[in-house]
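Examination of the molecular architecture
Residue-level listing of the chains:
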Amino acid sequence: MNTFQLKPAMSAIARLFRRLGQLNGTPREIALGCALGILIGMTPFWGLQIALTLAITSLLRWNRLSAVIGANITNVFTAALIYPVNYWVGVRLVGFSEGTRWPSRLDIPAMEGLITQSPHILVDLTAGGLILGIPLAIGGYFLTLKGVRIYRRYFSSSAGAP
């Protein structure tokens, strides 16, 4: 990656930590919310992820907004990369669907077969997402905790930011 490509990525990361640092709550609550969001974001329940993070973080009194930010680890740009890897890991470690293959012809019987196998595929996809999500959530917790603390230490000593 050359410096031209690195600058937008670093700018986006800096904006993310600035937004996380400005959230209400302790650094620990913000980091826990973000970690939970990352874990839930790795599951295939795209449409329910935000509702799940909001419900769980409300019960645990963690930061809800940081959880929503973490849950957006899967989005229209990353889902095509994340879900196949989750499925591959799930099949290798759980193997409930035994590596379902896309049919060579898309006729009615082939589509019925895929629909019949979809609960098995969902189990492997969920298992793979949780298996990969746990270390990502742990890393996200520590990275967010450190980032929020650094942001607050830096800005609390200058210009009166939170």
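Note that this is a predicted model, so its numbers are computed, not measured. (Residues numbered from 1 in each chain as written. Predicted model: local features only at pLDDT ≥ 70, side-chain atom pairs only at ≥ 80, totals over all residues. Heavy atoms only, no water.)

Re the overall build of the chain
As a reminder of what qualifies: The helix count covers DSSP runs of H or I at least four residues long, the strand count covers runs of E at least two residues long, and both are numbered beginning at the N terminus. Each residue is assigned to one of three classes by its accessible area relative to the maximum for its type, calculated with a 1.4 Å probe on protein chains only: buried under 20%, partly exposed between the two thresholds, exposed over 50%. In this description, contact between two residues means that some pair of their heavy atoms is separated by no more than 4.5 Å. To measure how exposed things are, a 1.4 Å probe is used in the Shrake-Rupley method; for residues, cover is taken only from the protein chains shown.
Scanning the chain from N- to C-terminus turns up 6 helices and 0 strands. Each helix and strand of the chain, ordered N terminal to C terminal, gives the series α-α-α-α-α-α. Of all 162 residues assigned to the chain, the portion counted as buried reaches 36%. Considering only residue pairs separated by 6 or more positions, the chain has 73% of its internal contacts joining residues 24 or more positions apart. Roughly 10300 Å² of accessible area belongs to the chain as shown, and the carbon and sulfur atoms make up 68% of that amount.

Remarks on the confidence of the model for the chain
The following threshold applies: Each residue carries a pLDDT value, the predictor's own confidence for that position, ranging from 0 to 100.
In this model, the chain carries an average pLDDT of 85, and 89% of its residues clear a pLDDT of 70 or more. Per-element confidence in the chain is highest for helix H2 (residues 27–41), whose mean pLDDT is 96, and lowest for helix H1 (residues 3–21), whose mean pLDDT is 69.

Here we look at the nonpolar core
Keep this limit in mind: The nonpolar core is taken to be a set of buried Ala, Val, Leu, Ile, Met, Phe, Trp, Tyr and Cys residues, with the residues joined through side-chain atoms within 4.5 Å.
Counting 8 residues, the largest nonpolar core consists of Ala31, Leu32, Cys34, Ala35, Ile38, Ala137, Tyr141 and Leu145. At the level of secondary structure, the elements contributing two or more residues to this core comprise H2 and helix H6 (108–156). Here this core takes 5 residues from H2, the largest share from any one element. With residues near it in sequence (within four places) discarded, Ala35 still touches Ala137 and Tyr141.

Observations concerning the environment of Trp46
The residue Trp46 is located in the loop between H2 and helix H3 (49–60) in this model. Here Trp46 falls in the partly exposed class, since its relative accessible area comes to 42%. Taking the C-alpha atoms as reference, Trp46 lies 8.6 Å from Asn75; in sequence the two are 29 residues apart. Every residue in contact with Trp46, bar those within four places of it in the chain, is listed here: Thr74, Asn75, Val76, Ala79 and Tyr83.

Describing the packing of H2 against H6
Basically, it comes down to this: To obtain an axis, a line is fitted to C-alpha atoms, over the contacting stretch when the element is a helix, and the angle between two such axes runs from 0 to 180 degrees between their N-to-C directions. The scheme is simple: roughly parallel for angles under 35 degrees, roughly antiparallel for over 145, roughly perpendicular for 65 to 115, oblique for anything else. Here a crossing is taken to be left-handed if its near helix is turned anticlockwise relative to the far helix by less than a right angle, and right-handed if that turn runs clockwise. Residue polarity follows a fixed list, in which Ala, Val, Leu, Ile, Met, Phe, Trp, Tyr, Cys and Pro are nonpolar, Asp, Glu, Lys and Arg are charged, and the others, Gly among them, are polar.
Interaxial distance between H2 and H6 falls to 7 Å at its minimum, and their mutual angle equals 155°. The pairing of H2 with H6 is recorded here as roughly antiparallel in orientation. Crossing hand, H2 versus H6: right-handed. Packed against H2, whose contacting residues are Pro27, Arg28, Ile30, Ala31, Leu32, Cys34, Ala35, Ile38 and Leu39, the element H6 presents Leu130, Gly133, Ile134, Leu136, Ala137, Gly140, Tyr141, Thr144, Leu145, Val148, Arg149 and Arg152 at the interface. Its residues assigned to classes, the contact of H2 with H6 shows 15 nonpolar, 3 polar and 3 charged.

So, unusual backbone geometry
Of note in the backbone geometry, Arg61 takes a positive phi value of approximately 60° without being a glycine. Locating Arg61 in the fold gives a position in the loop between H3 and helix H4 (64–71).

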